[in-house]
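Residue-level structure breakdown
Residues per chain, in single letters:
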Amino acid sequence: MNHNHSSLLAALLLSLSYALPAQYVHAESDLMIIEDDGSEELMIEDDSETLSIDDGSGDSLSIDDDGLNLGDDLMIDESQPGEPNQNLSETLQNYSSTSQQGVNVSLDKLWFEYGRYESDSPAEYQLYGHGKGTINWQGEKWELQASARLDYYEEHSDDSSDKAVPANALSNNKGNWDKTKLDYDETFVRYRGNRGILTVGAQKVIWGRIDEVPPSDRLSTQDLRRGLQDDLEDRRLASAAVRYEHFIGDGKLDLLYIPRLRETELPDENSVWYPINQREGTILGLDTSPLIEYVVRNTPIDDDAPNTDGGFGIRFNQLGSGFDYALGIQHGISTLPYFTYSTNRNVIEARYLRSTTVSGDIGFEALGGTVKMEAAWNSDTPITRTDGRFDSVESLAWGIALELFPGDSDTRLNLQLTGNHLIDAPDVLDRDKMASFNGTLDMPFGNNNWLARMRFNVGLDMSDLYFNPELTYTGLSNQEIYLELHEYNGDTGSIGGFYKHNSLVNLGWRITL
């Protein structure tokens, strides 16, 4: 571990919170009136058969014995932080048309970052810039949205150092490249009925309950152009899809079809985050040998994806009192490439296997917080035998988590055990019984103007270490100024071992509008 970075391991991150104005609540019999300082009232009336809620704007929400009717401008979320039903409640909120009808043009996000690598890295520093804008129109039932994103990536190496790779060498990971890309984001047509939502177009759909590595998330498109530096939400891209969500009481049936595969976005081959390192002759996730290292160093790479459909999935989520569960089945191609050597073509090629996935997850209140469990069986998981041959086996991915809010505060602690077991696998170069202890701590302080954060991963089946402490200042409206460390280490074949020369310190600014 680099000493310049080690001194920053105590640093942590921020969170932005808003102080709520004091409210005066008057309740008598079956009528409750909530007033605020603006002399506006929210009236809730219960006549034992029908619950009516009126905010005085002309829009209301009525709940009777026949079920729930969603109004136009009112959203209600009775879930508390950490309760298992929070995700579905958020989904209902997002699709309840909480904003005014009409056209809205917005610049959603701006993000700039400078990163300095440790001395052993072939790259000296990295730059990242990101912006996203959206045009959205909402009617009573229909919604149209067009969203675009602009990303800039740059890595710069010190060509005068002994780490520099000759320009004519058959080698990547030189740490010297830049790229600007204009891309679409969530762009769709959406129709909201009384009981269902139909969305057609580019969208992000992440299924599962476990943080960072949900086993049920098999069809979403990953963004690895910055390696694993970003959170799960920022490591996903919008894909063209048809999605229908049907709400049944306290449950939701989710149908998803992806007509065309959008593969994972990889960094440039000259990036230090590319999953094949020809300088050292290693491939991310695989053990190695002198022969394998020679082949990797001296063989061209083909990472093109096939032109085919992405697949489909069905997921049912049921809420309960302090308990909920979900079941799902998917059949499609994993968007993440698996690299293997092709003797016929004499190239290292990306393979995308079509697989059937059966998954389930549950969440319930226990141990002072929320316990989350998730597992997914996959019919075809790619492997590489020790003799270099490509094959596939069944596998079981799993995760167990405990989410806590100590002292009912805004501090969030999430601890997880996750793993992937290759079923009846022969001798392989892959991690056949992978297991890890990982988690996240988010702790606001300083009147919620600061947030200290720590993400970590520790391998249990082999040495595999990742630490990401972050300290963020959020005293400026909607803005974050942060300082963070990404520290990697581990054995050959582990993620931490593959990226062990990529430890870096980032200083960044971002604003969400």
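Bear in mind that the values here come from a model prediction, so they are computed numbers and not experimental data.

With respect to the overall build of the protein
- If you tally the helices and strands in the protein, you get 4 helices and 32 strands.
- The proportion of buried residues among the 513 residues of the protein is 46%.
- Long-range pairs, those at least 24 residues apart, make up 59% of the contacts in the protein between residues at least 6 apart in sequence.
- As displayed, the protein offers around 24,800 Å² of accessible surface, 53% of which is attributable to carbon and sulfur atoms.

Some remarks on the side chain of Asn-438
- Note on placement: Asn-438 falls in strand β28 (residues 433-445).
- On the accessibility criterion, Asn-438 (8% relative accessible area) is buried.
- Within polar-contact distance, the side chain of Asn-438 engages the side chain of Thr-418 at 3.0 Å.
- A distance of 3.3 Å separates polar atoms of two side chains, one belonging to Asn-438 and the other to Asn-457.
- Look past the residues within four positions of Asn-438 in its chain and what remains in contact with it is Asn-414, Leu-415, Gln-416, Thr-418, Phe-456 and Asn-457.

Overview of the confidence of the model for the protein
- For the protein, per-residue confidence averages 84 on the pLDDT scale, and 78% of positions sit at 70 or higher.
- Throughout residues 1-53 the model reports pLDDT below 50, and contacts reaching past four residues in sequence, or to other chains, amount to 123 contacts.
- This stretch, residues 55-90, has a pLDDT under 50; its non-local contacts, to residues over four places away or in other chains, come to 76 contacts.

Looking at the sheet that holds strand β19 (residues 301-302)
- Read across the open sheet, the 3 strands follow the order β19-β23-β22; overall the sheet is mixed. Two strands bound the open sheet, and with one partner strand each, they are β19 and β22 (338-342).
- Where β19 and strand β23 (residues 347-351) come together, 2 bridges link them in parallel fashion. Residue pairing in the sheet places Asp-302 in a bridge with Glu-349 of β23.

Describing unusual backbone geometry
- Here the phi dihedral of Glu-212 falls at roughly 70°; this positive angle occurs in a residue that is not glycine.
- Checked against the element boundaries, Glu-212 lands in the loop between β12 (196-203) and β13 (221-222).
- With phi around 55°, Leu-367 is a residue other than glycine that occupies positive phi space.
- Among the secondary structure elements, Leu-367 is positioned in the loop between β24 (354-366) and β25 (369-384).
- For Leu-367, a relative accessible area of 69% gives the class exposed.

Considerations on the nonpolar core
- By size, the foremost hydrophobic cluster in this structure holds 16 residues, and its most contacted members are Tyr-274, Ile-276, Ile-283, Ile-301, Phe-339 and Ile-348.
- Within the residue set of this core, elements represented by two or more residues are β22 and β23.
- Core analysis: the next-biggest nonpolar cluster, separate from the first, contains 9 residues, Tyr-117, Ala-123, Val-272 and Trp-273 among them.

Notes on the pattern of salt bridges
- In total, this model carries 40 salt bridges according to the counting rule given.
- The partner of Asp-302 in a salt bridge is Arg-345, and the shortest N-O contact between them spans 2.7 Å. Here Asp-302, found in strand β19, pairs with Arg-345, found in the loop between β22 and β23; they are 43 residues apart in sequence, far enough to count as distant.
- Note on Asp-302: relative accessible area 19%, which makes it buried.
- By relative accessible area, Arg-345 is classed as partly exposed at 44%.
- One salt-bridge network, held together by shared partners, links Glu-212, Asp-231, Arg-235, Asp-442, Arg-453 and Arg-455.

Structural notes on empty space enclosed by the protein
- Within this structure, the stated rule accounts for 7 cavities of 30 Å³ or more.
- Together, 18 residues line the second largest cavity, and Val-205, Leu-219, Ser-220, Leu-256 and Ile-258 are the ones closest to its centre.
- When contributions to the lining of the second largest cavity are tallied by element, the ones reaching two or more residues are β14 (236-237), β15 (239-248) and β16 (251-258).
- Its residues placed into classes, the lining of the second largest cavity shows 8 nonpolar, 6 polar and 4 charged.

Re the pairing of strand β11 (residues 187-192)
- Residues of β11 alternate between two faces, with Phe-188, Arg-190 and Arg-192 buried on one and Thr-187, Val-189 and Tyr-191 left unburied on the opposite face.
- In this sheet, β12 lies alongside β11 in antiparallel orientation, the contact comprising 6 bridges. What sits directly across from Val-189, in β12, is Val-200.
- Following β11, the chain reverses through 3 residues before pairing antiparallel with β12.

Points about the environment of Gly-399
- For Gly-399, the location among the structural elements is in strand β26 (residues 390-404).
- For the pair Gly-399 and Met-373, spaced 26 residues apart in the sequence, the C-alpha separation amounts to 5.8 Å.

With respect to the pairing of β24
- One ladder, built from 11 bridges, connects strand β21 (residues 323-333) with β24; its direction is antiparallel. Across the sheet, residue His-331 finds its bridge partner in β24, namely Thr-356.
- Looking at chain direction, β24 and β25 are connected through 10 bridges and run antiparallel. Note that in β25 the partner of Gly-360 across the bridge is Ala-375.

Comments concerning the packing of aromatic side chains
- Taken as a whole and judged by the stated rule, the model has 18 aromatic pairs.
- Three or more aromatic residues link up through ring pairs in this structure, and these residues are Tyr-117, Trp-273, Tyr-466, Tyr-488, Phe-498 and Tyr-499.
- The ring of Phe-188 has Arg-190 sitting right over it, with the charged end atom 4.2 Å from the ring centre.
- Above the plane of the ring of Tyr-482 lies Arg-510, whose end atom (NZ or CZ) is 4.2 Å from the centre.

About the cut-offs
- Residues numbered from 1 in each chain as written.
- Predicted model: local features only at pLDDT ≥ 70, side-chain atom pairs only at ≥ 80, totals over all residues.
- Heavy atoms only, no water.
- Helix = DSSP H or I, 4+ residues; strand = E, 2+ residues; numbered from the N terminus.
- Buried < 20%, exposed > 50% of the residue type's maximum accessible area, 1.4 Å probe, protein only.
- Contact = heavy atoms within 4.5 Å.
- Areas by Shrake-Rupley, 256 points an atom, 1.4 Å probe, with all protein chains shown as cover.
- Polar contact = N/O pair within 3.5 Å; in protein donor to acceptor, adjacent residues only side chain to side chain.
- pLDDT = per-residue confidence, 0-100.
- Pairing = 2+ DSSP bridges.
- Core = buried A, V, L, I, M, F, W, Y, C linked by side-chain atoms within 4.5 Å.
- Salt bridge = Lys/Arg side-chain N within 4 Å of Asp/Glu carboxyl O.
- 1 Å grid on protein atoms, 1.4 Å probe; cavity = no way out; pocket = protein on both sides within 12 Å on 5 of 7 lines; lining within 4 Å.
- Points joined across faces, edges and corners; volume = space filled by probe spheres on them.
- Nonpolar A, V, L, I, M, F, W, Y, C, P; charged D, E, K, R; others polar.
- Phe/Tyr/Trp six-rings, centres within 6.5 Å; stacked < 30°, edge-to-face > 60°.
- Lys NZ or Arg CZ within 6 Å of the ring centre and 35° of its normal.

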